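Below are the chains, spelled out letter by letter.
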Amino acid sequence: MKISSATFAFSSSKLSQIPEDGLPEFAFIGRSNVGKSSLINMLTDNGALAKVSATPGKTKLINHFLINRQWYLVDLPGYGYAKTSRSDRQEFGRLITDYVLHARKLWFLFVLVDSRHAPMKIDLDFMRLLGCEGVPFGIVFTKCDKQSAGQTADNIRAYEQVLSQEWEELPPRFRTSSVKKQGREEILDFIGDCLAGKVDE
């Protein structure tokens, strides 16, 4: 799928502020500082679309970007950043949970994990929640350029081994590098297939 236009549409602090315009939403979420904004900018080929910050926990709102005037790419707040205040963490938790579990226009959720790390409990727990609630999702392994292909493969294999203990069928998995634009076509083609009804959600 080709992206011909990508523009910031709106931000919201709660689910009720998202307009019911019927346009499908594909959302991106992950731990703070996992490379979410960089990935969004890479996918849209617009380095200034999503704000990239060196400070984890910067994104505090649900940000919608209108793509090709046909669907939304949604940037969700990062979860699990210990240095935010407890009230902020609780608010992020409610905001994330409300959107992920109750957004009526959400077609698919991309969960970003850092490919440099072994499986982390917070990510696995979040994926378990999605599975229990029947939320369609895939795993995006970010920052694959930061280590050897072998190390990336080992960490992905570790995730697959852990997930296969509870899941009969593993979610789709994507390897990405925002620097090298790795995974761009795979993710956009997957979204295109979803929009065309070629993916069973």
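Throughout what follows, the structure given in this document is the object of discussion. Given the structure is predicted, the values throughout are model-derived calculations rather than measurements.

The next subject is the overall build of the protein chain. When helices and strands are tallied, the protein chain shows five helices and seven strands. Traced from its N-terminal end to its C-terminal end, the protein chain shows the element sequence β-β-α-β-β-α-β-α-β-α-β-α. Residues classed as buried in the protein chain amount to 46% of the 201 residues present. In the protein chain, the share of contacts with a sequence separation of at least 24, taken over all contacts with a separation of at least 6, comes to 74%. Summing over all exposed atoms, the protein chain offers an accessible surface of approximately 10300 Å²; the carbon and sulfur share of this is 47%.

Once that is clear, we can look at the packing of helix α1 (residues 36-44) against helix α5 (residues 184-195). Contact geometry for α1 and α5: axes closest at 10 Å, N-to-C directions at 75°. Regarding the angle of α1 to α5, the classification is roughly perpendicular. In contact with Met42, Leu43 and Thr44 of α1, α5 contributes Arg184, Ile187 and Leu188. The residue inventory of the contact of α1 with α5, partitioned by class, reads four nonpolar, one polar and one charged.

The two faces of the sheet receive side chains in turn, since in a regular strand these alternate between them. When you tally the buried positions in strand β5 (residues 106-114), you get eight out of nine residues, the bulk of the element. Bridge analysis of strand β2 (residues 25-30) against β5 gives six bridges, and the strand direction is parallel. Looking at the pairing, Glu25 lines up with Leu106 of β5. Direction of pairing for β5 relative to strand β6 (residues 137-142): parallel, over a ladder of six bridges. Following the sheet pairing, Asp114 is matched in β6 by Thr142.

Summed over all chains, the structure comprises 13 aromatic pairs. Aromatic pair Phe26 and Trp71: ring centres 5.5 Å apart, planes at 80°, arrangement edge-to-face. Pair noted here: Phe26 is in strand β2 and Trp71 is in strand β4 (residues 71-75), with a separation of 45 residues, a long-range link. Its relative accessible area of 0% is what places Phe26 among the buried residues. Centroid distance Phe28 to Phe110: 4.7 Å. Interplanar angle 15°. Geometry classified as stacked. With a gap of 82 residues between them, Phe28 in strand β2 and Phe110 in strand β5 connect regions that are remote in the sequence.

Residues spaced three or four apart along an α-helix point in a common direction, a consequence of the helix completing one turn every 3.6 residues. Taking 1.5 Å of rise per residue, 16 residues should cover 22 Å, and helix α4 (residues 149-164) covers 22 Å from first to last C-alpha, within 8% of that figure. Turning to α4, its buried residues number three or more, namely Thr152, Ala153, Asn155, Ile156, Tyr159 and Leu163. Each buried residue of α4 sits inside an arc of 165° when the element is viewed along its axis, so together they form one side. Those residues of α4 that are buried are in contact with β5, α3 (121-133), β6 and β7 (173-175).

A few words now on the nonpolar core. Core analysis: the biggest nonpolar cluster contains 30 residues, and Ile29, Leu76, Tyr99, Val100, Leu109, Val111 and Phe126 have the highest contact counts within it. Taken together, the elements giving at least two residues each to this core come down to β2, β4, α2 (86-102), β5, α3, β6 and α4. If near-sequence neighbours (up to four positions away) are discounted, Tyr99 is found in contact with Leu15, Ile18, Glu25, Ala27, Ile62, Val74, Leu76 and Leu106. Core analysis: the second largest hydrophobic core is formed by 25 residues, Met42, Phe108, Leu188 and Cys194 among them.

Rules used in this analysis
- Going along each chain's sequence as written, the residues are numbered from 1 onward.
- Since the coordinates come from a predicted model, pLDDT governs what is reported: local features require at least 70, and pairs of side-chain atoms require 80 or more to be given and counted, while whole-chain, interface and lining totals use all residues.
- To obtain the side-chain values, all non-hydrogen atoms of the structure were included, while hydrogens and water were left out.
- Secondary structure elements are taken from DSSP: a helix is a run of H or I of four residues or more, a strand is a run of E of two residues or more, and numbering for both begins at the N terminus.
- Only protein chains enter the calculation, and the probe is 1.4 Å; a residue is then buried if its accessible area is under 20% of its type maximum, exposed if over 50%, and partly exposed in between.
- Two residues form a contact once any of their heavy atoms are found within 4.5 Å.
- Calculation of accessible area relied on Shrake-Rupley with a 1.4 Å probe; when residues are assessed, cover is drawn exclusively from the protein chains displayed.
- Only the stretch in contact is used when fitting a helix axis, every axis being a line fitted to C-alpha atoms; angles between N-to-C directions are given from 0 to 180 degrees.
- Our angle categories are set so that under 35 degrees counts as roughly parallel, over 145 as roughly antiparallel, 65 to 115 as roughly perpendicular, and the remainder as oblique.
- The classification used treats Ala, Val, Leu, Ile, Met, Phe, Trp, Tyr, Cys and Pro as nonpolar, Asp, Glu, Lys and Arg as charged, and all other residues, Gly among them, as polar.
- Pairing between two strands requires that DSSP report at least two bridges joining them.
- Side-chain rings of Phe, Tyr and Trp (the six-membered ring for Trp) are treated as a pair once their centres are within 6.5 Å; stacked means planes under 30 degrees apart, edge-to-face means over 60, and tilted covers the remaining angles.
- Multiply 1.5 Å by the residue count of a helix minus one, and that product is the helix's expected span.
- The arc in question is the one spanned by the directions pointing from the helix axis to the C-beta atoms.
- Working definition of a nonpolar core: buried Ala, Val, Leu, Ile, Met, Phe, Trp, Tyr and Cys residues. They are joined through side-chain atoms within 4.5 Å.

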